[in-house]
Protein chains: 2
Amino acid sequence: MNIGEAAAATGVSAKMIRYYEQVGLIKRPLRSMAGYRVYSPSDVHALRFIRRARDLGFTVEQIGELMQLWQDRGRASADVKAIALEHVKVLEAKMREIEEMAKALKHLARTCHGDGRPDCPIIEELAESHEPPARDSRLGKGFERLR
Amino acid sequence: MNIGEAAAATGVSAKMIRYYEQVGLIKRPLRSMAGYRVYSPSDVHALRFIRRARDLGFTVEQIGELMQLWQDRGRASADVKAIALEHVKVLEAKMREIEEMAKALKHLARTCHGDGRPDCPIIEELAESHEPPARDSRLGKGFERLR
DNA sequence: GCTTGACCTTCCCATCATGGGAAGGCCCAG
DNA sequence: CTGGGCCTTCCCATGATGGGAAGGTCAAGC
């Protein structure tokens, strides 16, 4: 199975398969005589694992941990649960942040008559001078790219 | 007012102020004889505008549009409202996506006994072979960096 | 057997907003 | 006049993903 077939079979693009290999998420596959990557069914299985974890919003780093645990027969399910719950916390914090932004924006839009007149509470609100709230990053890491 | 003071006064880092200048979001400020950037109160005002828009989750590109409208006295508030509501839609779609991920993960975690035994439904679920749902990107652009 | 097009390889570059850090210049308080 | 804290520009990194070029390979149809 070459990379294109593996991509079609797993829903992970060929580009990303090479990337995952490069960052050590998956082991280097066998190569054909011409240098083509050749994937076994178990490689495909691992790629599907990755894709599903990715769809759940895990970062590549977390997926790496999960794969360690996946391959470690003696692992404790508590370890996996901890990673999952940690991730749920991050997701919920993201949700809350986005929710607040949406709420603020909807409030502004509601008070904006939205016709041809130039008076616009949205712009006025943005332009008003407020104290800089010192960018307090209560949310911590993982939110750098949220906005 | 030099860049450090402007940064402290607006909550926008000096690095980002230079970046916004570079990408044309703000005009190039005056320079002191030594080449230091010198910011006027109105520059500071613009920076605060930017910071507030950024806190509402607008991208730099959108902030650019908003600033155009801000400076255009004859603009229609409808234009601003359209940008705001468009952004609300994006935020709500993000929320829904994150919510789904969190829901799935919480469900998995709930069914995981989380003790020392190695049986773990989370890992099992990830490892199961499902059809690749063809990564259908119903959400469209703007979600590339969501996860 | 040869052409053609669809694959594969590696390598480099771009994204977006942000920060780190180096090398060198400037300014002010002691 | 010195030291530390500013400032300047320039380069590089992030994370996950894709685009694209240049060149090699494979298989189907002629």
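Along every chain, residues carry numbers that run from 1 in the direction the sequence is written. For naming, the first written chain is A and the first written ligand is 1, with later ones following in the order written. Residue-level local features of this predicted model are given only where pLDDT is at least 70; pairs of side-chain atoms are given and counted only at 80 or more, and the full residue set underlies all totals for whole chains, interfaces and linings. Excluded from the side-chain calculations are hydrogens and water; all other atoms, namely the structure's heavy atoms, are used.

Digging into the overall build of chain A
At step 1: Helix and strand definitions here come from DSSP, where helices need a minimum of 4 consecutive H or I residues and strands a minimum of 2 consecutive E residues; each element is numbered from the N-terminal end. Within chain A one finds 6 helices and 2 strands.
At step 2: Mapped in sequence order, the helices and strands of chain A form the string α-α-β-β-α-α-α-α.
At step 3: Relative accessibility under 20% of the residue-type maximum defines a buried residue, over 50% an exposed one, and the middle range a partly exposed one, all with a 1.4 Å probe and only protein chains included. Out of the 147 residues in chain A, the part that is buried amounts to 41%.
At step 4: Two residues form a contact once any of their heavy atoms are found within 4.5 Å. Within chain A, contacts between residues at least 6 apart in sequence are counted, and of these 47% link residues at least 24 apart.
At step 5: Accessible area of chain A: about 8500 Å², with a carbon and sulfur share of 52%. Calculation of accessible area relied on Shrake-Rupley with a 1.4 Å probe; when residues are assessed, cover is drawn exclusively from the protein chains displayed.

Description of helix α3 (residues 41-55) of chain A
At step 1: The span one expects for a helix is its residue count, reduced by one, times 1.5 Å. The end-to-end C-alpha distance of α3(A) is 21 Å, a good match for the 21 Å that 15 residues give at a rise of 1.5 Å each.
At step 2: Just past α3(A), the residue A:G57 takes up positive phi, approximately 90 degrees.

Points about the confidence of the model for chain A
At step 1: A residue's pLDDT is the predictor's confidence in that residue, given on a scale from 0 to 100. The predicted model of chain A averages 81 in pLDDT, with 80% of residues at 70 or higher.
At step 2: In this model residues 133-147 of chain A is a low-confidence stretch, pLDDT under 50, and it forms 22 contacts with partners more than four residues away in sequence or in other chains.

Digging into a nonpolar patch on the surface
At step 1: Patch membership is restricted to residues that have no salt bridge and whose relative accessible area is over 30%. Joining uses 9 Å for like charges and 5 Å for the nonpolar side chains Val, Leu, Ile, Met, Phe, Trp and Tyr. Any Lys or Arg side-chain nitrogen found within 4 Å of a carboxyl oxygen on Asp or Glu counts as a salt bridge. Nonpolar side chains collect at one region of the surface, where A:M16, A:Y19 and A:V23 lie side by side and expose about 240 Å² of accessible area between them.
At step 2: Residue classification places A:V23 among the partly exposed residues on the basis of a relative accessible area of 41%.

Concerning the environment of A:I50
At step 1: Structurally, A:I50 can be placed in helix α3.
At step 2: Along the primary structure A:I50 and A:L66 are separated by 16 residues, whereas in three dimensions their C-alpha atoms are 9.2 Å apart.

Observations concerning the pattern of salt bridges
Side-chain pairs of opposite charge can arise whenever the charged atoms involved come near each other.
At step 1: Using the criterion set out here, one finds 12 salt bridges over all chains in the structure.
At step 2: In this structure, the salt-bridge partner of A:E92 is B:K106, at a minimum N-O distance of 2.8 Å. With one member in each of two chains, A:E92 in helix α5 (residues 77-110) and B:K106 in helix α5 (residues 77-110) form a pair that bridges those chains.
At step 3: Classification of A:E92 by relative accessible area gives partly exposed; the value is 27%.
At step 4: Taken together, the salt bridges that share partners define one network made up of A:E21, A:R31 and A:R37.

Let's talk about the packing of helix α3 (residues 41-55) of chain B against helix α4 (residues 60-71) of chain B
All names here are of chain B.
At step 1: In contact at an axis separation of 10 Å, α3 and α4 are set at 135 degrees when each is read in the N-to-C sense. Between α3 and α4, the angle falls in the class oblique. Remark: the crossing between α3 and α4 carries right-handed chirality. Seen from α3, the contacting residues are H45, A46, F49, I50, A53 and R54; seen from α4, they are I63, L66, M67 and W70.
At step 2: For the contact of α3 with α4, the class distribution of residues is 8 nonpolar, 1 polar and 1 charged. Only the contacting stretch of a helix is used when fitting its axis, a line to C-alpha atoms as for every element, and angles between N-to-C directions run 0 to 180 degrees. When describing relative orientation, an angle under 35 degrees is termed roughly parallel and one over 145 degrees roughly antiparallel, while 65 to 115 degrees is termed roughly perpendicular and anything else oblique. Crossing chirality is assigned from the near helix's rotation relative to the far helix, an anticlockwise turn below a right angle marking it left-handed and a clockwise turn marking it right-handed. For this classification, the nonpolar set comprises Ala, Val, Leu, Ile, Met, Phe, Trp, Tyr, Cys and Pro, the charged set comprises Asp, Glu, Lys and Arg, and every other residue, Gly included, is treated as polar.

Considerations on the nonpolar core
At step 1: Here, nonpolar core refers to any group of buried Ala, Val, Leu, Ile, Met, Phe, Trp, Tyr and Cys residues whose side-chain atoms link them within 4.5 Å. Formed by 78 residues in total, the largest nonpolar core has its most connected members in A:I17 and B:I17.
At step 2: If near-sequence neighbours (up to four positions away) are discounted, A:I17 is found in contact with A:I3, A:A6, A:A7, A:V12, A:I26, A:Y39 and A:L47.

Let's talk about the packing of helix α1 (residues 3-10) of chain B against α3(B)
Residues and elements named next belong to chain B.
At step 1: Two elements in contact, α1 and α3, have axes whose closest approach is 9 Å; the angle formed by their N-to-C orientations is 45 degrees. Taken together, α1 and α3 sit at an angle that is classed as oblique. Between α1 and α3 lies a crossing whose hand is right-handed. For the pair α1 and α3, contact is made by A6, A9 and T10 and by V44, L47, R48 and R51, respectively.
At step 2: Of the residues that constitute the contact of α1 with α3, the class distribution is 4 nonpolar, 1 polar and 2 charged.

Some details on a negative patch on the surface
At step 1: A cluster of acidic residues, A:E99, A:E100, B:E99 and B:E100, forms a negative patch on the protein surface.
At step 2: When residues of the negative patch are traced back to their parent elements, those giving at least two are α5 of chain A together with α5 of chain B.
At step 3: Tracing the backbone shows A:E100 in helix α5. Counting rule for charge: Lys and Arg are taken as positive, Asp and Glu as negative, and neither His nor the chain ends is counted. Charged groups are reduced to one reference atom each: NZ for lysine, CZ for arginine, CG for aspartic acid, CD for glutamic acid.

Details of the side chain of B:D43
Residues and elements named next belong to chain B.
At step 1: Assignment of secondary structure puts D43 in helix α3.
At step 2: Accessibility expressed as a relative area gives 12% for D43, which makes it buried.
At step 3: Discounting chain neighbours no more than four positions away, the residues touching D43 are K27, P29 and V38.

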